[in-house]
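Residue-level structural notes
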Amino acid sequence: MEQINRFFNDSNEVRHDADIDFSQSGDYLEAIRALSRTTYQSLYVINYQNRGFEYVSDNPLFLCGKTSEEVKALGYAFYFQNVKPEDVEMLIKINEAGFKFYETIPVADRKKYSISYDFNLINSRKNLILVNHKLTPMFLTEEGQVWKALCVVSLSSNTSAGNVILSKDGSDEIWKYDLDADTWEKSEKMKLSSREYEILSLYTSGLTINEIAERLFISADTVKFHRKKLFDKIGVNNIAEALSYAKTNKLL
């Protein structure tokens, strides 16, 4: 239990007698269950009041050979069983830095922010799988602490753990966390050119290079040219990684 408590920050302690507007949540889990049936991503909900998982979807990516109910019952103990040990320490550091940043945000804006980072899961075959994890607050206490948060897990398009980014809905500004310096650096979201956006969007429909070229009235070589520029811009090696990056970073 003491190890698990390291994932929780005093600034976001949601006591059992915390002032919470319970009507804000309603029967929200039905909506999340419906969403989980429409996506390849894994979803789960953290309840900071009881320091556990309130919901875990059935997507096997995040389960590491366990059932969703088993992961739900484990809560944060799941991380100590199925995350690379050095990545567990990294996650605790990110968690602390994220909540410190969160204290600087006006309460009215806190639901608009999401934090994203990559870490290694150890699957049932003892293989490492690099995943991207995005956490977004859903419900707050009256004082502005996170009561419940939605977490989305998908395969990472990066090659190593870390890559911590805080973003605000409706804003082009992002903050990147430097794990070594323990500092946040402000920058702007990656932007696609109109042609890059068109090509990437058509790839999501399953079209081939020749079909995309025909649809856009350009040559196949021109499609390849823009695709190469896109790969270089976002630092990926193939279209699968590009699509994963675009979805994770809301470029589409």
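Attention here is on the structure that accompanies the text. Everything numeric here is computed off the predicted structure, so don't read it as measured data.

**Remarks on the sheet that holds strand β2 (residues 52–56)**
- Taking strand neighbours across the sheet as the criterion, the 8 strands line up as β2-β1-β5-β4-β3-β6-β7-β8 in an open arrangement whose pairing is antiparallel. Two strands lie at the open edges of the sheet, namely β2 and β8 (183–188), each paired on one side alone. Taking each pair of neighbouring strands and ignoring which way they run, the sheet shows an average axis angle of 30 degrees.
- Of the pairings in the sheet, the one linking strand β7 (residues 173–178) to β8 comprises 6 bridges and is antiparallel in character. Across the sheet, Lys176 pairs through a bridge with Glu185, a residue of β8.
- Sheet strands in contact with helix α5 (residues 85–102) are β3 (113–122), β4 (128–140), β5 (146–155), β6 (162–168), β7 and β8, and its direction is about 175 degrees off that of β3.

**Concerning the environment of Phe225**
- Inspection of the secondary structure puts Phe225 in helix α8 (residues 220–234).
- Relative accessible area serves as the criterion here: at 49%, Phe225 is assigned to the partly exposed category.
- The spacing of Phe225 and Ile199 is 26 residues in sequence and 11 Å in space, taken between C-alpha atoms.

**Some points on the pattern of salt bridges**
- Enumeration over the complete set of coordinates arrives at 11 salt bridges.
- Residue Glu96 is joined to Lys100 by a salt bridge in which the shortest nitrogen-to-oxygen separation is 3.7 Å. In this pair, Glu96 and Lys100 are both assigned in helix α5, 4 residues apart and thus about one turn of the helix distant.
- Overall, the relative accessible area of 40% leaves Glu96 in the partly exposed class.
- Two residues, Lys191 and Asp172, come together in a salt bridge whose shortest N-O distance is 3.5 Å. Pair noted here: Lys191 is in the loop between β8 and α6 (194–204) and Asp172 is in the loop between β6 and β7, with a separation of 19 residues, a long-range link.
- Looking at Asp172, the relative accessible area reads 41%, which means it is partly exposed.
- Look at the salt bridges and you will find they share partners, linking Asp109, Lys112 and Lys168 into a network.

Conventions used here
Residues numbered from 1 in each chain as written. Predicted model: local features only at pLDDT ≥ 70, side-chain atom pairs only at ≥ 80, totals over all residues. Heavy atoms only, no water. Pairing = 2+ DSSP bridges. Helix = DSSP H or I, 4+ residues; strand = E, 2+ residues; numbered from the N terminus. Axes fitted to C-alpha atoms, helices over the stretch in contact; angles between N-to-C directions. Contact = heavy atoms within 4.5 Å. Buried < 20%, exposed > 50% of the residue type's maximum accessible area, 1.4 Å probe, protein only. Salt bridge = Lys/Arg side-chain N within 4 Å of Asp/Glu carboxyl O.

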